[in-house]
Amino acid sequence: MRLRIYVLFIALVTSQLVHAQYTPFFENFSFSQYNAGNQNWGVSKAENGKVYVANNNGLLVYNGLNWELNTLPNKTTIRSVLVVKDKIYTGSYEEFGYWKYDEKGALIYHSLSHLLNQNKSLNEEFWQIIQHENKIIFRSFLNVYVFENNTITKIKSSNTIISCSVVNNTVYVNTLTNGIFTLEDKTLKPFLNSKELVDTKIISIANYKDSLLITTALKGSYTYQNNSLQPTTLPINDLIKKHQLNSFLKLKNGNMVFGTIKNGVYVTDNLGHVLFNINKENGLVNNTVLNLIADSDANIWVCLDNGLSKINLKNNITYYNDVSGKLGAVYDVIKYNNTIYIGSNTGLYYLNNDQQLIFIEGSQGQVWDLKIIDNQLFCGHNNGTYLVENKTIKLISNFTGGWTIKKIPENNSYVQGTYGGLVKFNKTQDRWSATHLGQPTIPIKYLEFEDKNTIWAAHAYKGLIKARLNNTLDSIVDYKQYTNKTIASDYNIKVYKIKNNICFKTNDGWKTYEPLVDSIVTYKFLNEKIGPQSDVVSEDLTNSLFFKNQKGIIQFKANNNDKLVLTRDYYDDRLIVGYENISQINDSIYALNLNNGFLLLNANQNFTINKPIKPLIEKIQVNDIRVKIDTSVIELPNNGKISISIASPNSNNHFFEYSLSTNATKWDKVDNENLVLSNIKNGDFSILFRTSNKAGETSPIKTINLHVLPPWYKSNTGFIIYTLALVLVLGIIYLLHKRKMKKEQKLLEIEFKKEQQQILKEKNIENDRKIIKLKNESLQNEIKLKSKQLANTAIALVKKNEALLEIKKELQINEGQFQNKQVSKRLQKKIDHTIGHKDEWEIFEYNFNQVHEKFFNQLKTKHPKLSHKDLKLCAYIKMNLVTKEIAPLMNISTRGIETHRYRLKRKLNLTSEDSLTDYLNSFI
């Protein structure tokens, strides 16, 4: 059944569309992406999904996301590659062998050339590697080498060997001039030698119906059956002769793939009819095909002279790509009268019988909508609305901006949303007329009928209205605008009729109209069924719709069955955002508009969506050193770094996530397929990896167990160090304590001696103090004695002077009694001399200084102008002698002493209130 649907789909496409313009989904890999040589000579895919490519610079490995180049020891070009189980066999110049991953995930090369046991150089390149039973066969232009049981058998040929093929367990060896041989028992046996094959480059031999199909580079193809070699009548023959066949591949479904030197890849059905031609004109990076293989996922890997491509034939998705750029962004596609019409931002086009893109004159400008009404094709245009007839256009409405047009229920008229409001179309006598329905005159981009009199319409950019038509349906009698009071945002509102229900797509999800409260309410059913952020991207269909969800996945919903149709890798970066549209071409074929063409798909076909595959661990590095991959527990030093490289080659459109939590509640994205962790706290951890895709699907979890060693101070070594350190510290403490005790004991002894010395010293000081005290007391007593003696001396002088003065007085009184007055005067004079005798004063001064040794010095220092007489008076006052006692000592009257005291106070700068006695007593 699937084959019949596929054949019908291809028949539809090929019957009307140019093969060169329609292509399946394919990806290009340029040499700037894989960062190696431009030429790729062979390709092989492993069971785990990794792709190995024989490149000019070495062996390329593709893990589904990234490329890695591995070079041979001699750095030569690799011409051939074949994956067999866990070994990757390669052939190069004078070298062949295999690559194998070691326990650390490194790809290591093992040469087999040494098994030949020959001294001279091989001087040949190995262009092909095939497997037959348990043998690996390496082919050069000169010889065939069979590797079996770790031995190499060299099989010589008398002619240049062009290719080898395995058909029905038979190995065919194709030569340039001697025809075809079979390899039996490690010898070459003639199989077919015909003049048609002389000097012919045989590309391949394959099964074809009940015969062998032999393809050649320039002579087309032949069939060989019942010992008869006949040219085929395959339609592809002329093309492969013209463009020089270089590689051939037969697919499991019978279709064939031809790789040419001049015009890329041709895909044909089993009868040789061309289904697709994929070349540089429609996107292939290069036209020269060096090799082809088909993998288990029905992908065709194409080795090119400049790059590499992968063609996906599994889902039978077909593209129309305009490489010229004149088409522009496509807004609608429709099939009318067996012609494909395409509306774009540059105008209206159609594909002619030769499938060339033809512009319809006068249609330049934006085409919004193409719709078949009453067996006529309407074209909603920026300038108005046109009828398309005989591949020309005729204006039937000059109301600009024909966005969308809907049929009035139970009526043969139509209403169109335009830049200036709503326009009604009526058909009278095969002529269409357009009339404006009146207010409102806002741009209407979306509209739906609730019934024949009620229209729901959405502004092109914001706002929603409900309009009411009159009974004749030729004007709007009233309308109501629903603002953000009932809808959170007026922007980007779209109106649809799904299952006869009026629905509104808003920025905050799906809404519907509730007539009981005349309000817009949340539409729970659609929000739960397709999601609040999903949007309709298809035309009105009776039982099916296409939705694009928030993850960019287009889903086809028919008869309440969900069917995943397209994932983003088929149209990523090619959609016209906000104007996505899927239009129906026929019962099962649909077209998705793209920014430079459109995509065709069959909605009845079961599309194969590869779920994400469990990740593979490719490399583990601990502190930049590779470790074994299959280790049950990876040991990581404290403060160390671990780098884990992962891949999932069999997954598509995928990325990786990881979690350090055992319950995996939080997942983080892995950048560049390489997770680097550092500064992890010590303990046991599980790193969980999973593969995810843009559809939100995830793979089973891959777990790596990690044991992070504690820091040295928490490890056994640390505890040993702690114990040794503790013993050492305790020993040091003991020694220090012992030393301290000795030191303290010594200090105590010293202190005791010091105290004893201090005590002795203090006793000596005390004794000295006592002695000094005794001496001072003795001195004081001596001073007192001397003072007393001085006082007594002074008193004695006073008495003596008084007596002398009395005698002088008597002499003066009795002076007349003396016969000789001279005698009396001499006596008086002698008395005066005695009273003021200098020697007496010096004796007095000496004795006074003995008691008051510094008195005169201090007094003279402070008052240098004092006279000798002044000093005497000061000394007498210091001795506490009264004026009456001083007068005789100075031989002046008491009145004179008072006067002298007054003058002395002035010399001493004393005021009348100051005490002269107190001032003099202040001196020692």
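Just so you know, these numbers come straight off a predicted model, no measurement behind them. (Residues numbered from 1 in each chain as written. Predicted model: local features only at pLDDT ≥ 70, side-chain atom pairs only at ≥ 80, totals over all residues. Heavy atoms only, no water.)

S.K.: Would you explain the overall build of the chain in this entry?
M.R.: Across its full length, the chain holds twelve helices and 65 strands. Its C-alpha atoms give the chain a radius of gyration of 63 Å, clearly above 29 Å, the size a compact globule of 924 residues would have. If one aligns the C-alpha atoms of the chain with their principal axes, the spans along those axes are about 210 × 100 × 45 Å. Taking all 924 residues of the chain together, 50% fall into the buried category. Sequence separation of 24 or more characterises 47% of the internal contacts of the chain that already satisfy a separation of 6 or more. Total accessible area on the chain is roughly 47100 Å²; 49% of this is exposed by carbon and sulfur atoms. Treating the 113 positive side-chain charges of the chain as one cloud and the 86 negative ones as another, the clouds have centres 9 Å apart. (Helix = DSSP H or I, 4+ residues; strand = E, 2+ residues; numbered from the N terminus. Rg over C-alpha atoms; globule rule 2.2 N^0.38 Å. Buried < 20%, exposed > 50% of the residue type's maximum accessible area, 1.4 Å probe, protein only. Contact = heavy atoms within 4.5 Å. Areas by Shrake-Rupley, 256 points an atom, 1.4 Å probe, with all protein chains shown as cover. Lys, Arg positive; Asp, Glu negative; His and termini not counted. Charge placed at Lys NZ, Arg CZ, Asp CG, Glu CD.)

S.K.: What is the right way to read the sheet that holds strand E21 (residues 228-231) from this model?
M.R.: Paired through their backbone hydrogen bonds, the strands of a sheet run either parallel or antiparallel. Strands sit in the order E18-E19-E20-E21 across an open sheet of four strands; the sheet is antiparallel. Either end of the sheet is taken by a strand with one partner, and the two such strands are strand E18 (202-208) and E21. Within the sheet, the average angular offset between the axes of one strand and its neighbour, ignoring direction, is 25 degrees. Bridge analysis of E18 against strand E19 (residues 211-216) gives six bridges, and the strand direction is antiparallel. Pairing of isoleucine 202 across the sheet is with threonine 216, part of E19. (Pairing = 2+ DSSP bridges. Axes fitted to C-alpha atoms, helices over the stretch in contact; angles between N-to-C directions.)

S.K.: Just checking my understanding: could you explain the packing of helix H9 (residues 868-878) against helix H10 (residues 883-890) for this structure?
M.R.: Each pair of packed helices can be described by the angle between their axes along with the distance between the axes. Where H9 meets H10, the axes come as close as 10 Å, and the angle between the chain directions of the two elements is 145 degrees. Considering the relative orientation of H9 and H10, their crossing is right-handed. Contacts between H9 and H10 involve Lys869, Leu873, Tyr876 and Ile877 from the former and Ile886, Leu889 and Met890 from the latter. Classifying every residue of the contact of H9 with H10 by side-chain character gives six nonpolar, no polar and one charged. (Left-handed = near helix turned anticlockwise from the far one by under 90°. Nonpolar A, V, L, I, M, F, W, Y, C, P; charged D, E, K, R; others polar.)

S.K.: How do you make sense of the packing of helix H8 (residues 855-862) against H9 when you look at a structure like this?
M.R.: Axis separation between H8 and H9 bottoms out at 11 Å; the angle between their running directions is 130 degrees. In terms of orientation, H8 lies oblique with respect to H9. Relative to H9, the crossing made by H8 is right-handed. Within the contact between the two elements, H8 uses Phe855, Phe856, Leu859 and Lys860 and H9 uses Leu871, Cys874, Ala875 and Lys878. Residue composition of the contact of H8 with H9, by class: six nonpolar, no polar and two charged. (Parallel < 35°, antiparallel > 145°, perpendicular 65-115°, else oblique.)

S.K.: Would you mind showing me how to read the confidence of the model for the chain here?
M.R.: Predicted confidence across the chain gives a mean pLDDT of 86, with 90% of residues reaching 70 or more. In this model residues 1-20 is a low-confidence stretch, pLDDT under 50, and it forms 42 contacts with partners more than four residues away in sequence or in other chains. (pLDDT = per-residue confidence, 0-100.)

S.K.: When you look at the sheet that holds strand E4 (residues 58-62) in this model, what are you seeing that I'm missing?
M.R.: Reading across the sheet, the four strands line up as E2-E3-E4-E5 and stay open at both edges, with antiparallel pairing between neighbours. At either margin of the open sheet sits one strand with a lone partner, and together these are strand E2 (40-45) and strand E5 (67-70). Taken pair by pair, the neighbouring strands of this sheet meet at an average axis angle of 20 degrees, ignoring direction. Across four bridges, the pairing between E4 and E5 is antiparallel. Following the sheet pairing, leucine 59 is matched in E5 by asparagine 70.

S.K.: It is not clear to me how the packing of aromatic side chains should be interpreted in this structure. Could you clarify?
M.R.: To describe a pair of aromatic rings, one takes the distance between the centres and the angle between the planes. Under the counting rule described, the total for this entry stands at 46 aromatic pairs. With a centroid separation of 6.2 Å and 40 degrees between ring planes, the pair formed by tyrosine 523 and phenylalanine 525 is classed as tilted. Residue tyrosine 523 is classed as buried on the basis of its relative accessible area of 15%. Taking NZ or CZ as reference, lysine 87 lies 4.5 Å from the ring centre of tyrosine 98, over its face. Residue placement shows lysine 669 over the ring face of phenylalanine 655; its charged tip is 5.0 Å from the ring centre. (Phe/Tyr/Trp six-rings, centres within 6.5 Å; stacked < 30°, edge-to-face > 60°. Lys NZ or Arg CZ within 6 Å of the ring centre and 35° of its normal.)

S.K.: Looking at this structure, how should I read the nonpolar core?
M.R.: One recurring pattern in soluble globular proteins is that nonpolar side chains are buried together. Counting 28 residues, the largest nonpolar core has Tyr52, Leu59, Trp67, Ile88, Trp99 and Trp301 as the members making the most contacts within it. For this core, the secondary-structure elements that each account for two or more residues are E2, strand E3 (51-55), E4, strand E6 (78-84), strand E9 (107-111), strand E26 (289-294) and strand E27 (299-304). Apart from residues lying up to four places away in sequence, tryptophan 99 is in contact with Leu59, Asn70, Thr71, Leu72, Ile78, Asp86, Lys87, Ile88, Thr90, Leu107, Ile108 and Tyr109. With 25 residues, the next largest nonpolar core counts Phe856, Leu859, Ile877 and Leu908 among its residues. (Core = buried A, V, L, I, M, F, W, Y, C linked by side-chain atoms within 4.5 Å.)

S.K.: How should a nonpolar patch on the surface be read in this particular structure?
M.R.: On the surface, Trp712, Tyr713, Phe719, Ile721 and Tyr722 cluster together to form a nonpolar patch covering roughly 530 Å² of accessible area. Turning to its location among the elements, tyrosine 713 is positioned in the loop between strand E65 (702-708) and helix H5 (716-813). Classification of tyrosine 713 by relative accessible area gives partly exposed; the value is 41%. (Patch = residues over 30% accessible without salt bridge, like charges linked within 9 Å, V, L, I, M, F, W, Y side chains within 5 Å. Salt bridge = Lys/Arg side-chain N within 4 Å of Asp/Glu carboxyl O.)

S.K.: Even after reading the chapter, I still don't get the pattern of salt bridges, so can you show me in this structure?
M.R.: Within the structure shown, the criterion is met by 22 salt bridges. Residues aspartate 295 and lysine 45 are paired through a salt bridge, measuring 3.0 Å at the closest nitrogen-oxygen approach. Of this pair, aspartate 295 sits in the loop between E26 and E27 while lysine 45 sits in strand E2, and the two are 250 residues apart along the sequence. Take aspartate 295 and lysine 45: they sit in the same class, and that class is buried. The shortest N-O distance in the salt bridge between glutamate 448 and lysine 406 comes to 3.3 Å.

S.K.: When you look at the state of the cysteines in this model, what are you seeing that I'm missing?
M.R.: Overall, the coordinates contain zero disulfides when judged by the stated rule. Counting only cysteine sulfurs, cysteine 164 is the nearest neighbor of cysteine 303, a cysteine outside any disulfide, at a range of 18 Å. By relative accessible area, which is 0% here, cysteine 303 ends up buried. (Disulfide = S-S within 2.5 Å.)

S.K.: Even after reading the chapter, I still don't get H9, so can you show me in this structure?
M.R.: Count 3.6 residues to each turn of an α-helix, and residues three or four apart come out pointing the same way. H9 sits mainly inside the fold: nine of its eleven residues count as buried. Among the residues of H9, Asp870, Leu871, Lys872, Leu873, Cys874, Ala875, Tyr876, Ile877 and Lys878 are the ones counted as buried. Positive backbone phi, at 65 degrees, marks asparagine 880, one or two positions downstream of H9.

S.K.: Help me understand H8, please; the structure alone is not making it clear to me.
M.R.: If you check which residues of H8 are buried, you get Phe855, Phe856 and Leu859. All buried residues of H8 project into a common sector of 85 degrees when viewed along the axis, lining one side. (Arc of directions from axis to C-beta.)

S.K.: Any chance you could explain the pairing of strand E46 (residues 494-498) here in plain terms?
M.R.: Put simply, side chains in a regular strand alternate between the two faces of the sheet. Counting buried residues along E46, four of its five residues qualify, which places the element largely inside the surrounding structure. Where E46 and strand E47 (residues 501-506) come together, five bridges link them in antiparallel fashion. Bridging across to E47, isoleucine 498 finds its partner in asparagine 501. Counting the residues that bridge the hairpin from E46 to E47 gives two residues, and of these lysine 499 lies at a positive phi of roughly 55 degrees.

S.K.: In this structure, what is going on with the side chain of asparagine 593? I would like to understand it.
M.R.: Assignment of secondary structure puts asparagine 593 in strand E55 (residues 589-594). Polar contacts involving the side chain of asparagine 593 include one to the main-chain carbonyl oxygen of tyrosine 579, which spans 3.2 Å. Within the structure, asparagine 593 has its side chain in polar contact with the backbone nitrogen of asparagine 581 (distance 2.7 Å). In this view, asparagine 593 contacts Val330, Tyr331, Leu575, Ile576, Tyr579, Glu580, Asn581 and Phe598; residues no more than four positions away in its chain are not counted. (Polar contact = N/O pair within 3.5 Å; in protein donor to acceptor, adjacent residues only side chain to side chain.)

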